[in-house]
Amino acid sequence: MTLPGSPHIAYRGDELFIEDCRLSDLARRFGTPLYVYSRASMLAALAAYQRALVGRDHLVCYAMKANSSLAVIQTFAHAGCGFDIVSGGELERVLAAGVPASKIVFSGVGKTRAEMHRALDVGVLCFNVESEAELGVLSQVAAGSGNTARVSLRINPDVDPGTHPYISTGLKGNKFGIAHEQALACYLQAAALPGLEVIGIDCHIGSQITDTGPYLDALDRLLDLVESIEARGITVHHLDLGGGLGITYTDETPPSAEVLVRSLLERIDARGHGHRKIMFEPGRSLVGNAGVLVSEVLYVKPGEQKNFCIVDAAMNDLMRPAMYQAWMGIVACRLRDGPEAVYDVVGPICESGDWLGRDRTLAVQAGDFVAVLSAGAYSMTMASNYNTRGRAAELMVSGDQAWLIRDREQVSELFRGEHLLPASVL
Ligand SMILES: *Cc1c(COP(=O)(O)O)cnc(C)c1O
């Protein structure tokens, strides 16, 4: 039986497998809640971008905020990937995974001076600058330390990606990027400021985008700008078209990465920009469908209006349903003959918003394992310790082997670094 998302997660008979590992075996061996990722699925997703870019100067930079576990970074780095980071913490993480700074682009609207210093010291490939004010500060920091910051300006092309308001980032009302009307003036300023070297232009219009249209619109705006910037004598070496490609959670039908990239390249070539280096910053589309969150059914609670299936994973482990009303597939790790019922699948946290799925038809009993599908992106990275719950363990599967890539967080770690008041103040 096939499921939406990755071909690497499928039933064989009654049992749900990830690659050649039975998920209920992994759950018994490593405990729950448990994130499990397919390495083959991640590599296949990256290869789809790379195939379309073969033969051109390019760099795919994985937006690591989608899933920043060291072993995930290592997997992509080994396959030739670069990285898009949005904080000093992510910079240290990606360096700790062994990635050279020359493959790192630094995005984000609120970079601090300290973060700029560190990124300049290690020599990141490019700063994606999001405002005129940031340009000024970066120039000061770079010139003041005798460094040169390579920069690209993130343009807000004002196109509607047709996605959830929290994850659309390229509209006028968003906090992201430089309005395209102001872009030329900003480029002239960047070229004149000390300590800066203009190397590119970028945009990122949103997330979970399922159409090619908004990308083409944004690309056209960017190319218009590149033409006017170069007419003023500033060379734009690379075009970075951001991330945002959607995945299938239920019945979405986004273009494949290969189809999307090919249609963008076709437009780039048709407009005479084919000589430029091309960059992308995919996050979700590289990891989303590669992961599941496995959880044990604690209680089945029939109700007058609703039946509840109470599981040991909660909103602290997986925020997407509570935060974006996101629909994520939930299936049994082992199919039973019945009886089926319609459940709200909820966690143990003391909030009514703590649900993973509503009105789901399942045949489950206490002690069974369920898997939340397409949980490889914006899942573990958004986990918190709310209700003093340790974060889940993570596994990477390859074929019939599974590696523990993150230990389950222990309760004692949760209040390490906290201090009681001295007795004298009580
Ligand atoms: C989050 C982010 C991405 C990745 O977005 P996805 O929707 O996960 O592909 C790319 N670029 C920037 C600047 C981002 O902030």
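Residues numbered from 1 in each chain as written. Predicted model: local features only at pLDDT ≥ 70, side-chain atom pairs only at ≥ 80, totals over all residues. Heavy atoms only, no water.

Participant: Would you mind going over the pairing of strand β15 (residues 307-311) with me for this structure?
Facilitator: In summary, the side chains of a regular strand alternate between the two faces of the sheet. The sheet contact formed by strand β14 (residues 291-301) and β15 spans four bridges and is antiparallel. From the neighbouring strand, V300 faces β15, where its bridge partner is C309. Hairpin connection from β14 to β15: five residues lie between these consecutive antiparallel strands. (Pairing = 2+ DSSP bridges. Helix = DSSP H or I, 4+ residues; strand = E, 2+ residues; numbered from the N terminus.)

Participant: Mind showing me how you'd approach the domain arrangement of the protein chain here?
Facilitator: It is common to give the size of an interface as the accessible area that goes away when the parts come together. Each assigned domain of the protein chain is listed with its residue range as follows: domain 1 (9-38 + 288-414) and domain 2 (107-282). Computed from C-alpha atoms alone, the centre-to-centre distance between domain 1 and domain 2 is 36 Å. In this complex, domain 1 contributes ten residues to the contact, which on the side of domain 2 involves seven residues. When the two sides are added together, the surface that domain 1 and domain 2 hide from each other amounts to roughly 720 Å², 58% of it contributed by carbon and sulfur. Contact with domain 2 buries surface across domain 1, with N289, Y324 and W327 losing the most and accounting together for 53% of the total. Connecting domain 1 to domain 2 are zero salt bridges. (Domains from an automatic or database assignment. Contact = heavy atoms within 4.5 Å. Buried area = accessible area lost by both parts, 1.4 Å probe. Salt bridge = Lys/Arg side-chain N within 4 Å of Asp/Glu carboxyl O.)

Participant: Help me understand the site of the ligand in this model?
Facilitator: Neighbouring the ligand are 14 residues, the closest being K65, S207, E281, R284 and Y378. S207 places a polar side-chain atom, nitrogen or oxygen, 2.3 Å from an oxygen atom of the ligand. In isolation the ligand has 390 Å² of accessible area, and contact with the protein removes 94% of it. In terms of residue class, the shell around the ligand is made up of three nonpolar, six polar and five charged. (Near = heavy atom within 4 Å. Polar contact = N/O pair within 3.5 Å; in protein donor to acceptor, adjacent residues only side chain to side chain. Areas by Shrake-Rupley, 256 points an atom, 1.4 Å probe, with all protein chains shown as cover. Nonpolar A, V, L, I, M, F, W, Y, C, P; charged D, E, K, R; others polar.)

Participant: What's the story with the pattern of salt bridges in this structure? I'm lost.
Facilitator: In a structure, side chains of opposite charge can pair up when their charged atoms sit close to one another. Following the criterion strictly, the structure yields 21 salt bridges and no others. In this structure, R118 engages E92 in a salt bridge whose closest nitrogen and oxygen atoms are separated by 2.6 Å. Of the two residues, R118 sits in helix α5 (residues 113-122) while E92 sits in helix α4 (residues 88-96), which places them 26 residues apart along the sequence. The class for R118 is partly exposed, based on a relative accessible area of 37%. A salt bridge links K111 to E134; its shortest N-O distance comes to 2.6 Å. You can see K111 sitting in the loop between β7 (104-106) and α5 and its partner E134 sitting in helix α6 (residues 132-144), a full 23 residues away along the chain. Accessibility assignment for this pair places K111 and E134 in one class, buried. A cluster of three or more residues bridged by salt bridges with shared partners is formed by D220, D224, E227, R267 and R271. (Buried < 20%, exposed > 50% of the residue type's maximum accessible area, 1.4 Å probe, protein only.)

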